[in-house]
Every structure is written in C-alpha cells, then in structure tokens.
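# Structural description and commentary
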Amino acid sequence: MFLNLGTVRDIGARRTAAAGLPYSSEVYTVIGGDLTVIGDLTSDGHVEIKGTVKGTVNSRSVEILESGVIEGALIAESVIIRGSVLGPVRANTVTAATTARIIGSVFHNVLTVEPGATLEGRRPWRPHIDRNLDDA
Amino acid sequence: MFSSSGKGSEAPTQAIGETRSAPRNSGETSVISADLKIIGDLVCGGDVQIKGVVEGDVKSRTVTISEGARVSGAITADSVHIAGAIKGQVEAPTVTVAKTAKVDGDITHQTLSIEAGAQMEGNCRRLGAKKPAESAAASIASLKPAVSASPEPGKKAAGGS
C-alpha cells in the first residue's frame, strides 16, 4: 500500500539515525515562510522549505511544505513535496502529496503520488540516482 | 489508500500554509544549519539564524550568525548578532559582536556592542553620524542650481541694455 505520509519523516529520522547521523539541529535547516533564497543550497542533512528558493537545492533529504516553492532543480536522496517545484526533480525516493505541484521531469527510483497532486512533465525511472553526479 | 491518521498529522502543515496568506511574517526563525551552504542571496522578513556557509548578501529583520558559521557578503538588518565569521559590510541599527566573532568589513550601526576577544577588521560608523554628511551633500547640491541661476537674470539684463 501507499506510505503513510505522516510517518515518512519519522522513517527518515530513523534512517539517518541508523546511518550514524544525528537528526539534530546541526543537520536540520529550515527555510521559513518569509525567507527567499536567490541562489543554490547544498546540504548533507535535512532541509525543510516553507519559503521560496530560486535556484538549485541539493540535500540528503528535503521536505517542501505547502507554502514552499522551488524555482529550480531539486536534487536529493529522498524528498517529500507538498508545495511547488518549478524545475526538474532528481531523487531516489519522491513523494508527492495532495497539495504538490511539480512542473518538470521527476527522475526517481521510488515514486509515490497522492491523489490530487499536480505533476506536469516526464517521470523517468532510474535504477539509482546519485545526487553528487549530474547523470540525469 | 492514505490513512486518516496521516491526514491528521498534516494539519499543522496546513496551518503553516495559512500564515503565508497573512502578512509574510510567520514569526518563526529560518535556520541555515551547519552543513548547509548557500551560494546566493537571502531575503527574509523575519529572523534568520545562520550556522552554515552563506556566500551572498543577507537582508532580514534579525540575523544571527552562530559560532562556526561563515558569511561572505553584505548584511542588512534591524538587528545583527555575530558570533561567527563574516567578510563584508554589516548595516543594522543594533549590532552585537560576540567574542568568537571574526568581522572583516565595515559596520554601520546605531548601537554596537563588542565583546572582549572579538576579531575586528574594518571601520565602525554610527548611523546617526552619516546623516549630517548626507544633509551637507544635499545642501551643496541645492546651492549649485542657485549659483548657476543667479547669473541668468544678469545676462538678461545685459541683453536688454
């Protein structure tokens, strides 16, 4: 069955804990609702986006909340999209929630789309996606 | 399909969505964590805490640069607290420099506090001190047309005679 979206983050937390990475504030970035980043973000932790990013986001895990907007590429190991992405998405695990709006290709290994999500563009499957390589 | 408990847990997210339609001041702090690097500018109506690396300008209400953080670019805010490294201009009414800070650039402020041990390179200038210079420049600018205008009646008078 489908993944319960409510538990996705907990799974991510357990996964990072298992990988020996603390899921602490040290690796937890929040782009607040009133923040606009004009440029690129690179992180090895978790990024929560409630604001706007005009540029590329590259992180281990990304969650775009309903108010969040990315105008550019989104590259991650796992991503939960509840907001908007205007650009290509490349991630092993992609979850598009009801409120998601993705205008661009979604390169994925595991893709979950909740009913109501808007996806415009191709959704190519890949055996593995390395976020450090630009081999889309 | 999706369980109702999952929907229930999304309720806080919807509340966050609502704050967006309200004036864009959610009162929450944006955090740039230690492993995050931003190459580009940040514009924020609220609070920003930087623990990672920012290569670009930062404009916000309040900016906190934590120990270990690095900012290369200008910072404009109402209040700036510096405990990390910054290379660039800082302009804010209230500036606080902690002992762990390393500032390479000018600071324009109204209220400045520097803790013993902070590394400071560059000038500190008070915002209030900037105003007389501006008004002087403005008065000079206003004088110029007056000076150039005064010979004209004379010329006309000369042409008339």
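## Here's the deal with the overall build of chain B
- Helices and strands together make up the secondary structure of chain B, namely 4 helices and 17 strands.
- Relative to its full complement of 161 residues, chain B shows a buried share of 32%.
- The long-range fraction of contacts in chain B, counting pairs at least 24 apart against all pairs at least 6 apart in sequence, stands at 3%.
- Total accessible area computed for chain B in this model is approximately 8,800 Å², and 55% of it derives from carbon and sulfur atoms.

## Some thoughts on the overall build of chain A
- If you tally the helices and strands in chain A, you get 1 helix and 12 strands.
- Put simply, chain A runs from its N terminus to its C terminus through helices and strands in the order α-β-β-β-β-β-β-β-β-β-β-β-β.
- Considering chain A as a whole, with its 136 residues, one finds that 54% of them fall into the buried category.
- In chain A, once contacts between residues fewer than 6 apart in sequence are set aside, the share between residues at least 24 apart is 12%.
- Summed over its atoms, the accessible surface of chain A is roughly 5,500 Å², and 54% of this surface lies on carbon and sulfur atoms.

## A closer look at the confidence of the model for chain B
All names here are of chain B.
- Averaged over every residue, the pLDDT of chain B is 77; residues scoring 70 or more account for 63%.
- Long-range and interchain partners of residues 1–25, a stretch whose pLDDT sits below 50, account for 37 contacts in this model, where long-range means more than four residues apart.
- With pLDDT under 50 throughout, residues 146–161 is counted as low confidence; its partners more than four residues away or in other chains account for 0 contacts.
- Two summary scores accompany this predicted model of the complex, namely pTM at 0.71 and ipTM at 0.75.

## Here we look at the environment of B:Gly45
- Note on placement: B:Gly45 falls in the loop between strand 2 (37–44) and strand 3 (47–50).
- Sequence separation of B:Gly45 and B:Arg61 is 16 residues, and the distance between their C-alpha atoms is 5.7 Å.

## Things to note about the pairing of strand 3 (residues 46–49) of chain A
All names here are of chain A.
- Alternating residues of strand 3 divide into His46 and Glu48 and Val47 and Ile49, and every residue in both groups is buried.
- Pairing of strand 1 (residues 28–31) with strand 3, which is carried by 4 bridges, proceeds in the parallel orientation. Residue pairing in the sheet places Tyr28 in a bridge with His46 of strand 3.
- Across 4 bridges, strand 3 lies against strand 5 (residues 57–64) in parallel orientation. By the bridge assignment, His46 is partnered in strand 5 with Ser61.

## Remarks on the confidence of the model for chain A
- Confidence in the prediction for chain A averages 84 pLDDT; 79% of positions are at 70 or higher.
- Confidence over residues 1–22 of chain A falls short of pLDDT 50; this stretch has 29 contacts with residues more than four positions distant or in other chains.

## Describing the nonpolar core
- Counting residues in each nonpolar core, the largest one holds 51 residues, and the members touching the most others are A:Leu74, A:Ile81 and B:Ile82.
- For A:Leu74, the contacting residues outside a window of four places in its chain are A:Val57, A:Val62, A:Ile64, A:Val79, A:Ile81, A:Val85, A:Pro88, A:Val89 and A:Arg90.

## Concerning the environment of A:Val106
All names here are of chain A.
- Mapped onto the elements of the fold, Val106 is located in strand 11 (residues 106–113).
- Along the chain, Val106 and Ile129 lie 23 residues apart, while their C-alpha atoms are 11 Å from each other.
- Setting aside its immediate chain neighbours within four residues, Val106 contacts Val89, Val94, Leu111, Leu119, Arg122, Arg123 and Pro124.

## Some points on the pattern of salt bridges
All names here are of chain A.
- Counted by the stated rule, this structure contains 6 salt bridges over all chains.
- For Glu63, the salt bridge goes to Arg82, with nearest N and O atoms at 3.1 Å. Remark: Arg82 occurs in the loop between strand 7 (74–81) and strand 8 (84–86) and Glu63 occurs in strand 5; sequence separation between them is 19 residues.
- Judged by relative accessible area, Arg82 falls into the buried class, the value being 5%.
- The salt bridge involving Arg131 is made with Glu77; its shortest N-O contact spans 3.7 Å. Taken as a pair, Arg131 in the segment after strand 12 (118–120) and Glu77 in strand 7 lie far apart in primary sequence, 54 residues in all.
- In the salt-bridge network here, residues are joined through shared partners; they are Asp44, Glu77 and Arg131.

## Brief notes about the side chain of B:Ser33
- With respect to the helices and strands, the residue B:Ser33 is situated in the loop between strand 1 (29–32) and strand 2.
- Within the local environment of B:Ser33, its side chain forms a polar contact with the side chain of B:Asp35, the two groups lying 2.7 Å apart.

## A word on the environment of B:Ala92
Residues and elements named next belong to chain B.
- Structurally, Ala92 can be placed in the loop between strand 11 (90–91) and strand 12 (94–97).
- Separated by 16 residues in sequence, Ala92 and Thr76 place their C-alpha atoms 5.9 Å apart.
- Non-local contacts of Ala92, meaning those with residues more than four positions away in its chain, are made with Ala77, Asp78, Ser79, Val80, Thr108, His109, Gln110 and Leu127.

## Things to note about the side chain of A:Asp34
- Counting through the fold element by element, A:Asp34 comes out in the loop between strand 1 and strand 2 (35–42).
- Here B:Gly46 takes part through its backbone nitrogen, which lies 3.3 Å from a polar atom of the side chain of A:Asp34.

Reading guide: rules and limits
Residues numbered from 1 in each chain as written. Chains lettered and ligands numbered in written order. Predicted model: local features only at pLDDT ≥ 70, side-chain atom pairs only at ≥ 80, totals over all residues. Heavy atoms only, no water. Helix = DSSP H or I, 4+ residues; strand = E, 2+ residues; numbered from the N terminus. Buried < 20%, exposed > 50% of the residue type's maximum accessible area, 1.4 Å probe, protein only. Contact = heavy atoms within 4.5 Å. Areas by Shrake-Rupley, 256 points an atom, 1.4 Å probe, with all protein chains shown as cover. pLDDT = per-residue confidence, 0-100. Pairing = 2+ DSSP bridges. Core = buried A, V, L, I, M, F, W, Y, C linked by side-chain atoms within 4.5 Å. Salt bridge = Lys/Arg side-chain N within 4 Å of Asp/Glu carboxyl O. Polar contact = N/O pair within 3.5 Å; in protein donor to acceptor, adjacent residues only side chain to side chain.

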